Amino acid sequence: MATALRIMSLRWALTMAALKKSAWQTIGYVIGLLCALACVAGASIAFYFLGTVPNLLPVPFTDQLTMGAEIVRIVMVLLGSIVGILWTIMPLTLSGDGSALEPRRFALYGITDRSLTSGIILSALFGVPALAALLSLLIGVSAYRQLGAATMVTAVFSAFIAVILFVTVSKALIALAGTLIRSKRGQMILYVSVFALFFVALQVPSQMLASGGDGESSSGGLEWVLAFPVLSAVATWCSWTPWGAAFQLPFDVAQGEYGIFVAHLAICCVTIALAYVVSLWCLRRDRLQGADSKVTTAKGLSWFSRVPDSISGAVSGRLAQYWQRDGRFAMGLILPVLLTIIFAIRARQNPVAMWTAPVTIGLIYPLFESNNLAYDGRAFVMHAVAGVKGSADRWGRARVAVAISVFFIVVTSLIAVFMAGGFTQGVEPIMTLTTAMGGSLGLAFAGIGLAEVLSVVLMYPVPSIDKPFSSPQGRAVSQGFFPFFQMIGSVILILPTAAVLVAALLTGSTVLLWLVGLVGLVNGIGFLILGVYLGGKIMDRRTPKIIETLDNFASLQK
Amino acid sequence: MTQTERPAWEPEALGAPSFAVSITHLSKSFGQKRAVNDLSLNIPTGSFFGLVGPNGAGKTTTLNMTTGLLMPDFGNISILGQDVWSDVNRAKRSIGVMPEAGQLFDRLTGNQLLVYSGMLRGMKRAEAIVRSRDLLAAFDLTAAADTMVTDYSAGMTKKIALATAMIHSPRILFLDEPFESVDPVSSANLRDILLEYCETGGTVIISSHVMALVEKMCSHVAVINKGTVRAAGTVAEVAAGEDLEDRFLDLVGGRHSAAHISWLNGGGEDNGEGHAPVHPSPDLPAQFAQPTRFAHPNQPMVQPLQPAQPVQPAQPIQQPAQQPNRPSRPAVPPAAPTQE
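So, here is what we can say about the structure in this document. (Residues numbered from 1 in each chain as written. Chains lettered and ligands numbered in written order. Predicted model: local features only at pLDDT ≥ 70, side-chain atom pairs only at ≥ 80, totals over all residues. Heavy atoms only, no water.)

### What to know about the overall build of chain A
The helix and strand tally for chain A stands at 21 helices and 0 strands. Residues counted as buried form 53% of the 558 residues belonging to chain A. Across chain A, the fraction of contacts at a sequence separation of at least 24, relative to all contacts at a separation of at least 6, is 78%. (Helix = DSSP H or I, 4+ residues; strand = E, 2+ residues; numbered from the N terminus. Buried < 20%, exposed > 50% of the residue type's maximum accessible area, 1.4 Å probe, protein only. Contact = heavy atoms within 4.5 Å.)

Right under this line is the structure:
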């Protein structure tokens, strides 16, 4: 236990050291803290008002609970489950493991696996996200204030259980993914299945609502009243899952169902124990078996023989090869496909909705490009020692990004046309196609242009290529922050096109509508060229600084 | 460092062309720490130049500034008579820098990496392919040409890294610890390639900790300590009749007589000071809890070699002309720290 506590204090010492070293880290950290505080404050207020509901609806619902109390239960259990699922599953796909405590680093010290696992879990428990969640839940006990003192005491207890459960399960799942999934194919399968699960989970409530209010197309209070038993059933169902069980505990006490209380508590305890054992097993397996020594071979030059015979061509070839071999880019290829599928399902009733797919891809895709140097890592030195001009580097990268985004946008646009009935209805589908596709391509190109500048200036750490599920320290804070500039910037850069579109829609002028596609392309290509040029210039000047930054990032990844 | 920042008292002429690298009054600080402190050094063209010094002496910092990877705070560096920092990309194209193992795009195959390295320097693809094949053959990597570099051993990685620095036939090679973790056979082959490169007029600049290696391979050596040059010249000049390693220890200092750490006793008899934790800590995993049994002192740890096969007579690895000692290089002017 002493070792575990020491590991926990080490984590904070590392955080403090990182803050001392970089002003950006400090700014990012402060922003992260403010966000956490805002969440706590928001949750506290929301929970307080939730606490007034039982008084407003004192109508009996079940034998023990009033209608109002049941609403509190539904909200707590459903919300808790959703947050829990996000917390435990999303790190696998998006943010990675946020802690800097890589177990391998402790290998030399002869610390028992048990102490090490406990230490790593403890340090996650005392991280900002876990503390913020705990604080929110503890203040949120006010939501139970009309359900009796025993319920409130149980709520305090369940707050601790829930946070501990989410932290341990999240750590265990990440450890499991890192231990078992070594191949890129395995990663792809994991990403897809997690997203599919997630998507289904998001669909369930709306599907339930739809079936609950069946026949009645008019929205309003009636639908909600009809949906109420359904939601209640869903909440009960969730309370028997590891994510919802902890949130059900206070209501078991409120209803006096002590047998069910014990059952729910058992679910929580078993889950925590299981997660702990899984973490322990992964640690032991990693320590004893080491990394796989599978040798990968590939004949010939592959992408290098398909790119233009120039410096920028070489850069494109290398990047294309990495898109194929680097697990960290898998998400960039899967996300557009998943988005297309999601939008296609949503657009069954209203085919126009499908047009959001190319636009969304145009907006999101440049994000993958906006931190391109960090993905090179220290290997960027190869460019530096070769004296590659910034413009050649930027253009080489932009070429790959343009090729991939054009592919996805054209495909999704064509799908949208065919969902709306193909090209049989005269000139209108062609006009919609040119407008939406031109606009989306413009958005993507302008975004890529911006990315070629931002990626030289605002870099942030990324997971190491060998462990795509881990994330270096300081990442979670600053990462939520820099891509924001990219998104906002893309939108600002495409404003000229947006203005033409708005004008076209307001005046109903077909000429203007036809123009949108053209303006979008010109708009996008203009900023693309400008971005490549500016990015190249800045890069030429900043190369030594970039190398230094990338070296720092590499030290965070170890 | 731009031209305008050069102080007025600095002479206009930047190093005679007979010097591959000419460094004057170079300084670099990281925060409060002065890594390189008014360092001046001339490296003659065609020399095999060794940069030696203790850890943290400023060798790597100096090399990084010379190769255009790190901006100097102060001072001038010229390569083949041209100022490095006035057109850093041009300077970079005339030199070859061996990347560290972590600085390679290691998800490419060996062949791809070499072609990439060539094309990055503006070489045509066809030429890069030919040169890549030649280099792979020269470094005994042909069999591993289609293997990803991340799956190479440490020695193979070192070789491919060196090859990436040579594909454009640079006039100067910068190698930071080139022989570290390279096996003796590869290392001998590497040495041959480098020596031959020197014979044809190329300049090799290596940094190393291994004095024996520097003494054996280099024509010139500079001893760097605390960011300045303590001695420079031909190996014979610097050694000044002594063994180079002894001379190095003299120049650098820091040797203390038989340091005694009272608690570091190898688990033998207790020194009576009550500090030696001979018993394993309770936190240790089970497999460490038992004291490890080493071989009895009377038993040899290693069985003597059985001469099962007649020992092959040693093959001379290098050309006889270069044996047994490095010939002196009269064509090369002696290096010396530049005088003000």
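Still to come is the rest of the account.
### Quick look at the overall build of chain B
Helix and strand counts for chain B stand at 10 helices and 10 strands. Burial statistics for chain B: of 340 residues in total, 48% are counted as buried. Total accessible area on chain B is roughly 17700 Å²; 55% of this is exposed by carbon and sulfur atoms. (Areas by Shrake-Rupley, 256 points an atom, 1.4 Å probe, with all protein chains shown as cover.)

### Observations concerning the nonpolar core
With 149 residues, the main nonpolar core has Val21, Leu41, Phe48, Ile160, Phe174 and Leu194 of chain B as its most contacted residues. Sort the elements by how many residues they give to this core and helix H16 (residues 390-419) of chain A lands first, with 10 residues. Residue contacts for Phe48 of chain B: discarding those within four places in its chain leaves Leu194, Leu195, Cys198, Val204, Ile206, Met217, Cys218, Ser219 and His220 of chain B. Core analysis: the second largest hydrophobic core is formed by 52 residues, Leu78, Ile121, Ala130 and Phe251 of chain A among them. (Core = buried A, V, L, I, M, F, W, Y, C linked by side-chain atoms within 4.5 Å.)

### Describing the pairing of strand E1 (residues 19-30) of chain B
All names here are of chain B. Burial of E1 is extensive: 10 of the 12 residues sit out of reach of the surface. Sheet analysis places E1 next to strand E2 (residues 33-44), joined by 8 bridges and oriented antiparallel. What sits directly across from Ser22, in E2, is Asn42. Counting the residues that bridge the hairpin from E1 to E2 gives 2 residues, and of these Gly31 lies at a positive phi of roughly 65°. As paired elements, E1 and strand E4 (residues 74-79) share 5 bridges and run antiparallel to each other. Note that in E4 the partner of Ile23 across the bridge is Ile77. (Pairing = 2+ DSSP bridges.)

### A word on the packing of helix H17 (residues 428-457) of chain A against helix H19 (residues 482-493) of chain A
Think of two packed helices as two axes; the pair is described by the angle between the axes and how far apart they sit. Residue and element names in this part refer to chain A. Following both chains from N to C, one finds H17 and H19 inclined at 130°, their axes separated by 9 Å at the closest point. The orientation of H17 with respect to H19, classified from their angle, is oblique. In the crossing of H17 with H19, the sense of the turn from one axis to the other is right-handed. Contact residues: Leu443, Ala446, Gly447, Leu450, Ala451 and Leu454 in H17; Phe485, Gln486, Gly489, Ser490 and Leu493 in H19. Among the residues forming the contact of H17 with H19, the class breakdown is 7 nonpolar, 4 polar and no charged. (Axes fitted to C-alpha atoms, helices over the stretch in contact; angles between N-to-C directions. Parallel < 35°, antiparallel > 145°, perpendicular 65-115°, else oblique. Left-handed = near helix turned anticlockwise from the far one by under 90°. Nonpolar A, V, L, I, M, F, W, Y, C, P; charged D, E, K, R; others polar.)

### As for a positive patch on the surface
Residues Lys389, Lys537 and Arg541 of chain A together with Arg90 and Arg93 of chain B make up a contiguous surface patch of positive charge. Within the residue set of the positive patch, elements represented by two or more residues are helix H21 (510-557) of chain A together with helix H2 (88-93) of chain B. When you line up the elements, Arg93 of chain B lands in helix H2. (Patch = residues over 30% accessible without salt bridge, like charges linked within 9 Å, V, L, I, M, F, W, Y side chains within 5 Å. Salt bridge = Lys/Arg side-chain N within 4 Å of Asp/Glu carboxyl O. Lys, Arg positive; Asp, Glu negative; His and termini not counted. Charge placed at Lys NZ, Arg CZ, Asp CG, Glu CD.)

### A look at helix H20 (residues 495-507) of chain A
All names here are of chain A. For H20, with 13 residues, the first-to-last C-alpha span of 18 Å sits near the 18 Å given by 1.5 Å per residue. Residues of H20 that are buried: Thr497, Val500 and Ala504. Viewed end-on, H20 has its buried residues packed into an arc of 60°, placing them on one side of the element. Within H20, the exposed residues directed more than 90 degrees away from the buried face are Leu505 and Leu506. Downstream of H20 by a residue or two, Gly508 has a phi angle that is positive, lying close to 70°. (Expected span 1.5 Å × (residues − 1). Arc of directions from axis to C-beta.)

### Things to note about the pairing of E4 of chain B
Here is the key point about a regular strand: its side chains alternate between the two faces of the sheet. All names here are of chain B. Of all 6 residues in E4, 5 are buried; the element is thus mostly enclosed. Pairing analysis gives 2 bridges linking E4 to strand E5 (residues 82-83), with the strands arranged antiparallel. Across the sheet, the residue bridging to Ser78 is Asp83, located in E5. Counting the residues between successive antiparallel strands, the hairpin from E4 to E5 contains 2 residues, one of them, Leu80, with a positive phi of roughly 50°.

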